[in-house]
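# Structural overview for review
Okay, here's what each chain looks like letter by letter:
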Amino acid sequence: MRAVVGLRRWRHNPLRRRTDLVEAWVALGALLLMLLAVPAIGLISGALTDDAFRRTIRAQHEDRHRTEAMMVSPAEAPTRVASDPEAPTQRDSGKPVLAKWTAPDGSRHTRLVHSAPRTLRAGDTFPVWTDGGGQLAKRPTDLATARTHAVLAGIGVAAGVAGLVEAVRRLVVWRLRQVRYARLDLAWSRTGPDWGRTGAGS
């Protein structure tokens with residue numbers, strides 16, 4: 001709105017300088033970019049990110065398999081452990097157990113699973129994710145998480161573009177002010193020495 005008001009103010013003002021008009025047009029252009037281009041870029045970025053995540057999720061589901069593992073016995077937590085993708089968070093990582101399962105290719109595996117549910121007893125089953133060879137793998141990303149990341153990516157790109165537009169506007173305004181000051185100094189250098197003298201025309 002300041003840009004529109006500035007254009008109306010400088011349009012027929014006899015004190016208007018060319019730099020004033022340029023500054024008003026730059027402000028109006030920046031405003032239009034903020035209102036039109038920035039949201040569009042954010043939406044496009046979010047859509048592209050969401051599409052990339054969906055392809056990744058499809059690939060993960062093709063490569064990883066949900067398998068039922070059976071607890072053999074409790075185990076002490078080692079220094080380096082196999083990650084159980086069924087664990088919801090790092091803070092609630094469950095308990096380490098020795099478990100066995102059958103891979104999609106028919107091979108049998110017995111390994112330490114770090115994040116089994118805490119209520120398990122020997123002989124109980126619980127889900128794990130494995131690759132085609134039966135090795136433990138991370139749980140595939142769910143659509144809700146992917147969508148959240150896509151939205152955040154779109155917002156981040158839009159904010160970055162908006163910041164860039166504002167930075168360019170400020171740079172142009174700074175340069176226009178430098179031009180004004182230079183012209184003012186030049187005009188004063190021509191008029192200043194004769195200021196107030198009789199017959200100098202000032």
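Further up the page is the structure itself.
Heads up: these notes are all about the structure in this document. This structure is a prediction, so every number in the text was calculated from the model and none was measured.

## Observations regarding a nonpolar patch on the surface
- A surface patch of nonpolar side chains, amounting to about 320 Å² of accessible area, comprises Leu32, Leu35 and Leu36.
- Mapped onto the elements of the fold, Leu36 is located in helix H2 (residues 18-63).
- Exposure remark for Leu36: the relative accessible area of 58% places this residue in the exposed category.

## Topic: the pattern of salt bridges
- The final tally for this structure, using the stated rule, is six salt bridges.
- Members of the salt-bridge network, linked through shared partners, are Glu166, Arg169 and Arg170.

## Thoughts on the side chain of Ser45
- Residue placement: Ser45 occurs in helix H2.
- By relative accessible area, Ser45 is classed as buried at 17%.
- Aside from chain neighbours lying at most four places away, what touches Ser45 is Gly154 and Val157.

## Remarks on the pairing of strand S4 (residues 125-130)
- S4 sits mainly inside the fold: five of its six residues count as buried.
- Of the pairings in the sheet, the one linking strand S1 (residues 65-74) to S4 comprises six bridges and is antiparallel in character. Across the sheet, the residue bridging to His65 is Thr130, located in S4.

## Some points on H2
- Between its first and last C-alpha atoms H2 spans 64 Å; for 46 residues at 1.5 Å apiece the expected length is 68 Å, and the two agree.
- At Met34, H2 shows its maximal kink, close to 40°.

## Re the sheet that holds S1
- A sheet is described by the order of its strands in space; here four strands give the open sequence S3-S2-S1-S4, paired in antiparallel fashion. The sheet terminates laterally at strand S3 (108-116) and S4, the two strands that pair on one side only. Neighbour to neighbour, the strand axes of the sheet diverge by 45° on average, direction disregarded.

Here is what the cut-offs are and how they apply
- Within each chain, residues carry numbers counting from 1 in the order of the written sequence.
- Side-chain atom pairs in this predicted model are given and counted only at pLDDT of 80 or more, local residue features only at pLDDT of at least 70, and totals for whole chains, interfaces and linings cover all residues.
- As a rule here, side-chain values cover all heavy atoms of the structure and leave hydrogens and water aside.
- Each patch is built from salt-bridge-free residues with over 30% relative accessible area, joining like charges within 9 Å and nonpolar side chains (Val, Leu, Ile, Met, Phe, Trp, Tyr) within 5 Å.
- Each accessible area is a Shrake-Rupley result for a 1.4 Å probe, and residues are judged covered by the shown protein chains and nothing else.
- A carboxyl oxygen of Asp or Glu within 4 Å of a side-chain nitrogen of Lys or Arg is what we treat as a salt bridge.
- Only DSSP runs of H or I covering at least 4 residues are called helices, and only runs of E covering at least 2 are called strands; the numbering of each starts at the N terminus.
- Using a 1.4 Å probe on the protein chains alone, a residue whose accessible area is under 20% of its type maximum counts as buried, one over 50% counts as exposed, and one in between counts as partly exposed.
- Working rule for contacts: check all heavy atoms of both residues, and any pair within 4.5 Å makes them a contact.
- The criterion for strand pairing is that DSSP finds at least two bridges linking the strands in question.
- The length a helix should cover is 1.5 Å for every residue beyond the first.
- Bend, at a single residue, is the angle you get between axes fitted to the 7 residues ending at that residue and the 7 residues starting at it.
- With axes taken as lines fitted to C-alpha atoms, and helix axes fitted only over the stretch in contact, angles between N-to-C directions fall between 0 and 180 degrees.

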